[in-house]
Amino acid sequence: MPEEVVHALLLSLRVALLATAVAAVSGVACARLLARARFPGKEAVEAVLLLPLVLPPTVVGFGLLLLLGQNGPVGWLVPGGLLFTWSAAVIAAAVAAFPLVYQNARAAFAQVDPDQENAARTLGAGELLVFFTVTLPLAWPGILAGIVLAFARALGEFGATLMVAGNIPGKTQTVPMAIYFAVEAGDYRTALPLVAIVLLFSFTVIFGLHRWSGRHIARYTGQRRG
Amino acid sequence: MLVVEIEKRLPHFTLRANFTVPAGKLLALAGPSGSGKTTILECLAGLQRPDAGHITLEGQPLFAAAAGINLPAARRRVGFVFQAYALFEHLTVWENVLYGLWGLRGEEKEAGLRRAEGLMARFGIGHLRNRFPAQLSGGERQRVALIRALVRDPAVLLLDEPLAALDRGLREQLRQEIKELPAEWRIPVVLVTHCCCEERLATRVLRPVRSGGTVSWTA
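On a predicted model such as this, the values are computed, not experimentally measured, just so you know. (Residues numbered from 1 in each chain as written. Chains lettered and ligands numbered in written order. Predicted model: local features only at pLDDT ≥ 70, side-chain atom pairs only at ≥ 80, totals over all residues. Heavy atoms only, no water.)

Student: Before we go on, may I ask you to explain the environment of B:S33 in this structure?
Tutor: All names here are of chain B. In this fold, S33 is placed in the loop between β3 (26–30) and α1 (37–45). On the basis of relative accessible area, S33 is assigned to the exposed category, the value being 68%. Along the sequence, S33 and L113 sit 80 residues apart, while their C-alpha atoms lie 37 Å from each other. (Helix = DSSP H or I, 4+ residues; strand = E, 2+ residues; numbered from the N terminus. Buried < 20%, exposed > 50% of the residue type's maximum accessible area, 1.4 Å probe, protein only.)

Student: For this particular structure, what's the right way to read the sheet that holds strand β1 (residues 2–9) of chain B?
Tutor: For sheets, the rule is that strands pair by backbone hydrogen bonds, running either parallel or antiparallel. All names here are of chain B. Ordered in space as β6-β5-β4-β1-β2-β12-β11, the 7 strands form an open sheet in which the pairing is mixed. Only two strands of the sheet have a single neighbouring strand rather than two, namely β6 (69–70) and β11 (209–211). For strand β5 (residues 60–64) and β6, the ladder comprises 2 bridges, and the chain directions are antiparallel. Among the inter-strand pairings, A64 is bridged to a residue of β6, identified as I69. The sheet strands contacting α1 are β1, β2 (14–21), β4 (52–57), β5 and β12 (214–218), and the helix crosses β1 at an angle near 120°. (Pairing = 2+ DSSP bridges. Contact = heavy atoms within 4.5 Å. Axes fitted to C-alpha atoms, helices over the stretch in contact; angles between N-to-C directions.)

Student: Would you mind showing me how to read the packing of aromatic side chains here?
Tutor: Two aromatic rings, taken as a pair, are described by how far apart their centres are and by the angle between their planes. Within the structure shown, the criterion is met by 9 aromatic pairs over all chains. Plain terms: the ring middles of A:F109 and A:F131 are 6.0 Å apart, the flat faces sit at 50° to each other, and that makes the pair tilted. Within this pair, whereas A:F109 is found in helix α5 (residues 86–111), its partner A:F131 is found in helix α7 (residues 127–156), the two being separated by 22 residues in sequence. Overall, A:F109 belongs to the buried group, its relative accessible area being 5%. Residues B:F80 and B:F82 carry aromatic rings whose centres are separated by 4.2 Å and whose planes lie at 20° to one another, so their mutual orientation is stacked. (Phe/Tyr/Trp six-rings, centres within 6.5 Å; stacked < 30°, edge-to-face > 60°.)

Student: Is there a simple way to think about the sheet that holds strand β9 (residues 189–193) of chain B in this case?
Tutor: Residue and element names in this part refer to chain B. A sheet is described by the order of its strands in space; here 5 strands give the open sequence β7-β8-β9-β3-β10, paired in parallel fashion. Because the sheet does not close on itself, it has two edges, and the strands there are β7 (78–81) and β10 (204–206). With strand direction ignored, the average angle separating the axes of adjacent strands in the sheet is 20°. In terms of strand pairing, β3 meets β10 through 3 bridges, oriented parallel. Bridge pairing links L29 to L206 in β10. Packed onto the sheet, helix α4 (residues 138–151) meets β7 and β8 (156–160) and runs at close to 175° relative to β7.

Student: Looking at this structure, how should I read the nonpolar core?
Tutor: General note: in soluble globular proteins, nonpolar side chains tend to be found buried as a group. Membership of the largest hydrophobic core comes to 85 residues, with the highest contact counts inside it found for A:F109, A:I143, B:L2, B:F19, B:L29, B:L44 and B:L158. At 13 residues, α5(A) tops the list of elements feeding residues into this core. The residues touching B:L158, leaving out its near neighbours within four places in the chain, are B:L41, B:L44, B:A45, B:V78, B:G79, B:F80, B:V81 and B:V190. Core analysis: the second largest hydrophobic core is formed by 38 residues, B:L119, B:I147, B:A149 and B:L181 among them. (Core = buried A, V, L, I, M, F, W, Y, C linked by side-chain atoms within 4.5 Å.)

Student: Would you explain the interface of chain A and chain B in this entry?
Tutor: It is common to give the size of an interface as the accessible area that goes away when the parts come together. Opposite the 26 residues of chain A that make contact, chain B presents 26 residues. Between the two partners, chain A and chain B, sit 5 residue pairs in polar contact (both at pLDDT 80 or more). For the side of chain A that touches chain B, the secondary structure elements donating two or more residues are α6 (114–122) and α7 of chain A. Element by element, the count of residues in the side of chain A that touches chain B is highest for α6(A), at 7 residues. Counted by class, the side of chain A that touches chain B contains 10 nonpolar, 10 polar and 6 charged residues. (Polar contact = N/O pair within 3.5 Å; in protein donor to acceptor, adjacent residues only side chain to side chain. Nonpolar A, V, L, I, M, F, W, Y, C, P; charged D, E, K, R; others polar.)

Student: Looking at this structure, how should I read the environment of A:I179?
Tutor: Residue and element names in this part refer to chain A. Take I179: it is sitting in helix α9 (residues 175–184). Along the backbone, I179 and V195 are 16 residues apart, and their C-alpha atoms lie at a distance of 7.3 Å. The contact partners of I179, leaving out residues within four places of it in the chain, are A191, L194 and V195.

This is the structure we're talking about:
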């Protein structure tokens, strides 16, 4: 396999994992904070957070282009800006993946029985302990579903990534990019193995996680007796 | 001694509670649903904040509107058995029972473990320690909730409709167990019920008095 293709595979994996981590932490935190907070304009904030889900990737990409460019706010912090680096690909994938974690976590937190959280409080637990020992484990199956979707979305990110990270083989070229440009050039011998690898990998990850979470939940939702 | 004198404005009426419960005694709050019983318990536990008044336990203020004191639930040493038990569904029976010992060390933790062992044996559920709550019957769940509340050695015990979800035969048995609690633990116990049979457990029974837009629970 050509060196650039191997690089694209490894880069895609690294970008998707990092972007999923960023989206998971920020998505869960936002979901928890907004589930409780009451302030004017809350609905508008929630709508903004979900925007990347409904906007065309090119619109998200254009927004990020302005944000990450030399003259944007990020350009002030990082001299030269982040455009056409693999960091930009991580940011684009994280932005696209964020709403999937956020939305699933939001729904999962809403399902958590407030009495169980209150029981923990009366048993001496502070808010942080309540969150990590009761709220998060009870909401985990829903959050995990969001994380799996986010990972899949990050791995497949194309439009926004192309606009902010470009398609530089050996530097910012991810697998979806490599497949698109190989197919466009009629180079099916490069495209086909990549497609097969992505298919197999995605299937294994999603199948494995679902299986694991199914068992994890079944552990404590056995048939109730009497 | 638990001293309660609070007022809380609810959407449809103003709730007033004014009573004392000495250690070793059981007070029953008996009234129809929607008369503020659970709200009173949650105010005692620190899960809701009254609008006015004070709550003291053994002379220590848990809540005092005038002085701006409102101890968080975690620091009140209140044992609370919720109506639907609120067992942690993702933890085993034994992990549920020991939850209140988080962060305790040394002798305190040892004493808590001994209490947990003793209570599990006494309530006859020692063999269930590795089960999850979803695998228990109603009576077993109730006992786990009660043990979990007692393991922390609470200074007051609050029971929200503890027998409501159980069938009749089981009720009689658990009623006897609850009846022995106040004297054995030498703490005040407050029980909330809408069923008159539970009142027989109590040293004293309070009923709500409705006048105008106010519901009062006054001794």
